[in-house]
Amino acid sequence: MRIFKNLRVCGDCHNAAKLISKIEDREIILRDTTRFHHFKGGHCSCGDYW
């Protein structure tokens, strides 16, 4: 699942994507203004630096 958003990722969106990726056991790719976030198994590729 890919989500493209033009704004900065907020803490609530970041935590929700982590939780959904863990519950659904799917990879979620979320783009903010500076980077792509890959959520897999409840972890983010940015190391929670957003």
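Quantities reported herein were computed from a predicted structural model and do not represent experimental measurements. (Residues numbered from 1 in each chain as written. Predicted model: local features only at pLDDT ≥ 70, side-chain atom pairs only at ≥ 80, totals over all residues. Heavy atoms only, no water.)

A.B. asks: Mind showing me how you'd approach the overall build of the chain here?
C.D. replies: When you go through the chain residue by residue, the secondary structure sums to one helix and four strands. Listed by position from the N terminus, the elements making up the chain come as β-α-β-β-β. Out of the 50 residues belonging to the chain, those deemed buried represent 30%. Accessible surface computed for the chain: about 3,600 Å², of which carbon and sulfur atoms make up 54%. (Helix = DSSP H or I, 4+ residues; strand = E, 2+ residues; numbered from the N terminus. Buried < 20%, exposed > 50% of the residue type's maximum accessible area, 1.4 Å probe, protein only. Areas by Shrake-Rupley, 256 points an atom, 1.4 Å probe, with all protein chains shown as cover.)

A.B. asks: Even after reading the chapter, I still don't get helix H1 (residues 11–24), so can you show me in this structure?
C.D. replies: The periodicity of an α-helix, 3.6 residues per turn, causes residues three or four places apart in sequence to face the same way. Compared with an ideal rise of 1.5 Å per residue, which puts 14 residues at 20 Å, H1 spans 20 Å between its outermost C-alpha atoms and is within 8% of the ideal. Looking at the buried residues of H1, the elements they touch are strand E2 (28–31), strand E3 (36–40) and strand E4 (43–44). (Expected span 1.5 Å × (residues − 1). Contact = heavy atoms within 4.5 Å.)

A.B. asks: Is there a simple way to explain the environment of Asp48 in this structure?
C.D. replies: Take Asp48: it is sitting in the segment after E4. The spacing of Asp48 and His14 is 34 residues in sequence and 8.3 Å in space, taken between C-alpha atoms. Asp48 has contacts with His14 and Lys18, leaving out every residue within four places of it along the chain. Engagement of the side chain of Asp48 in a polar contact is seen with the side chain of Lys18, the distance being 3.2 Å. (Polar contact = N/O pair within 3.5 Å; in protein donor to acceptor, adjacent residues only side chain to side chain.)

A.B. asks: What is the right way to look at the pairing of E2 in this model?
C.D. replies: Note that E2 and E3 share four bridges and pair antiparallel. Among the inter-strand pairings, Ile28 is bridged to a residue of E3, identified as Phe39. The turn joining E2 and E3, which pair antiparallel and follow one another in sequence, is formed by four residues. (Pairing = 2+ DSSP bridges.)

A.B. asks: Whenever I open this one, the state of the cysteines confuses me. Can you help?
C.D. replies: As used in these notes, a disulfide is a covalent bond between sulfur atoms, one from each of two cysteines. The tally for this structure, following the rule as stated, stands at zero disulfides. Not engaged in a disulfide, the cysteine Cys44 finds its nearest cysteine sulfur in Cys46; these two sulfurs lie 3.3 Å apart. Owing to a relative accessible area of 16%, Cys46 belongs among the buried residues under this scheme. (Disulfide = S-S within 2.5 Å.)

A.B. asks: Is there a simple way to think about the pattern of salt bridges in this case?
C.D. replies: Should the charged atoms of two oppositely charged side chains come close, the side chains can pair. For the structure on display, the rule yields one salt bridge. The salt bridge partner of Asp48 is Lys18, with a shortest N-O separation of 3.2 Å. A residue pair is termed long-range when its members are at least 10 positions apart, and Asp48 in the segment after E4 and Lys18 in helix H1 qualify at 30 residues. Note on Lys18: relative accessible area 17%, which makes it buried. (Salt bridge = Lys/Arg side-chain N within 4 Å of Asp/Glu carboxyl O.)

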